[in-house]
Structure formats: C-alpha cells, structure tokens
Amino acid sequence: IQSLLTLADPKRLHLAPVATESLLHEATAAALREVSTGDQTSWDVSHSSDLEYLVVDRIQVRQALRNLVANALQAQPNGGAVEITVRADNVSATISVSDDGPGISAALAERVGDPFFTTRADGTGLGLALVSSIAQLHGGHLQVHTTPPGERGARLTLQLPLPDQTTTN
C-alpha cells in the first residue's frame, strides 16, 4: 500500500549529500532482509563506486535501490551474483544493478516500468514503476537494458543528474 501511495502522490525531495557506500550498504541489507527466506540460498552482492557522495533524497533513492536489488535477487531464487556500480561523468551519476538471472527480453523491457505489470506470481508490479518515478523526481530516468537471445543476466540503470558544480550557496 505504501508503494502505491508513494507512486500516486510523490513527496517533495529533500536533497542532501549522502555517502554513496552507506547508501549502497543500506539498500542491499534491506533487499536481502526482504528476499531472504531463511533457507540456504546465497547471493554474492558486490558494489563499487567512484563517487564519495550523491546529492539525493536519501530515503527515496534508498527505496529505489532496494527495489532494484530485490528484483535482481528474486530473479535468481537459488542464489547468484548481483553487482552494483556507481559511475559519474561531468553531468550525471549512473547507478547500475546487474544480475546473472534469466535477463529481460525486448518485449518485456517495454513494459517493465508500467504500474501493475509483473512477471512474478507474488509481485505487485509497483517496484520498478516506483523506481522510475523516483528517478524522474530527481530529474533522471530508469533504463532497462535488454538481454540478447541466448544470453543471461539483466542490467538496469538509474541515471541521476549531478548538482551543478558552478553554483554555490
């Protein structure tokens, strides 16, 4: 219900510098808590970043990352690898979440961010719609990379603008 309410009525952004490593750790831990079933399933979740800080709404971006990581874990119910990378150029930060699951076909990629569209029996179809909404609130976007036929793995990227380096407070 909370995801639906957030999607329907997004809040104002509370932008502040957030330590990237901390944000990645928090989102990953939340996703693992949500997805872990207590069995022997194990995932190898790694992350790297070339940005010390992101200027974002911590709560919203943590939620978006949690959703992306949870989807990557759920795509590999018997365990597997998930890699999170944060890279920056002069104007934006790109946060990529990749997994070794079955991947995303071109036909599915067109619908992935649609509210209520899901491929999981227990899914709501709100997770990636919420990620897309959070990206847009920050002036960015969510990109779903398709998996070529015969290959495995999915990659989704959250592109967020960096603050203008020429302005000062």
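Please refer to the structure higher up on the page.
Residue numbering note: each chain is counted from 1, following its sequence as written. Restriction of local features to residues with pLDDT of at least 70 applies here, the model being predicted, together with a cutoff of 80 or more for giving and counting side-chain atom pairs; totals for whole chains, interfaces and linings are based on all residues. Computation of side-chain values: all heavy atoms of the structure, hydrogens and water removed.

(A) Just the side chain of Asn 67, in detail. Its place among the elements puts Asn 67 in helix α3 (residues 58-74). Relative accessible area serves as the criterion here: at 5%, Asn 67 is assigned to the buried category. Within polar-contact distance, the side chain of Asn 67 engages the side chain of Gln 63 at 2.9 Å. In this description, contact between two residues means that some pair of their heavy atoms is separated by no more than 4.5 Å. Not counting residues within four places of it along the chain, the set of residues in contact with Asn 67 comprises Gly 127, Leu 130 and Val 131. Here a helix means four or more residues in a row that DSSP labels H or I, a strand means two or more in a row labelled E, and each is numbered from the N terminus. Remark: exposure states derive from per-residue accessible area (1.4 Å probe, protein chains only) relative to the maximum for the residue type, with buried under 20%, exposed over 50%, and partly exposed in between. Each polar contact in these results corresponds to two N or O atoms within 3.5 Å; when the atoms are within protein, one needs to be able to donate a hydrogen and the other to accept it, and residues that are neighboring in sequence are counted only if both atoms are side-chain atoms.

(B) The packing of helix α2 (residues 20-35) against α3, seen in detail. Angles shown run from 0 to 180 degrees and are taken between the N-to-C directions of axes, each axis being a line fitted to C-alpha atoms and, for helices, limited to the stretch in contact. Contact geometry of α2 with α3 gives a least axis separation of 8 Å together with a crossing angle of 50°. Classed by the angle they form, the pair α2 and α3 counts as oblique. Relative to α3, α2 is oriented so that their crossing is right-handed. For the pair α2 and α3, the contacting residues are Ser 22, Leu 23, Leu 24, Glu 26, Ala 27, Thr 28, Ala 30, Ala 31, Leu 32, Glu 34 and Val 35 in the first and Arg 58, Val 61, Arg 62, Leu 65, Arg 66, Val 69, Ala 70, Leu 73 and Gln 74 in the second. Put simply, angles under 35 degrees are roughly parallel, angles over 145 are roughly antiparallel, angles from 65 to 115 are roughly perpendicular, and the rest are oblique. Crossing handedness is read from the near helix: turned anticlockwise from the far helix by less than a right angle, it gives a left-handed crossing, and turned clockwise, a right-handed one.

(C) Fine view of the nonpolar core. Within the largest apolar cluster, 37 residues are counted, with the highest numbers of intra-cluster contacts made by Leu 65, Leu 68, Ile 95 and Leu 158. If you list the elements that add at least two residues to this core, you get α2, β3 (53-57), α3, β4 (80-88), β5 (92-99), α5 (127-137), β6 (141-145) and β7 (154-161). Examining the composition of this core, we find that eight residues originate from one element, α3, more than from any other. Here Leu 68 is in contact with Val 97, Leu 128, Val 131, Leu 142, Leu 156 and Leu 158, once residues within four sequence places are set aside. Definition of nonpolar core: a set of buried residues of the types Ala, Val, Leu, Ile, Met, Phe, Trp, Tyr and Cys, connected through side-chain atoms within 4.5 Å.

Nothing here speaks to function; it is geometry throughout.
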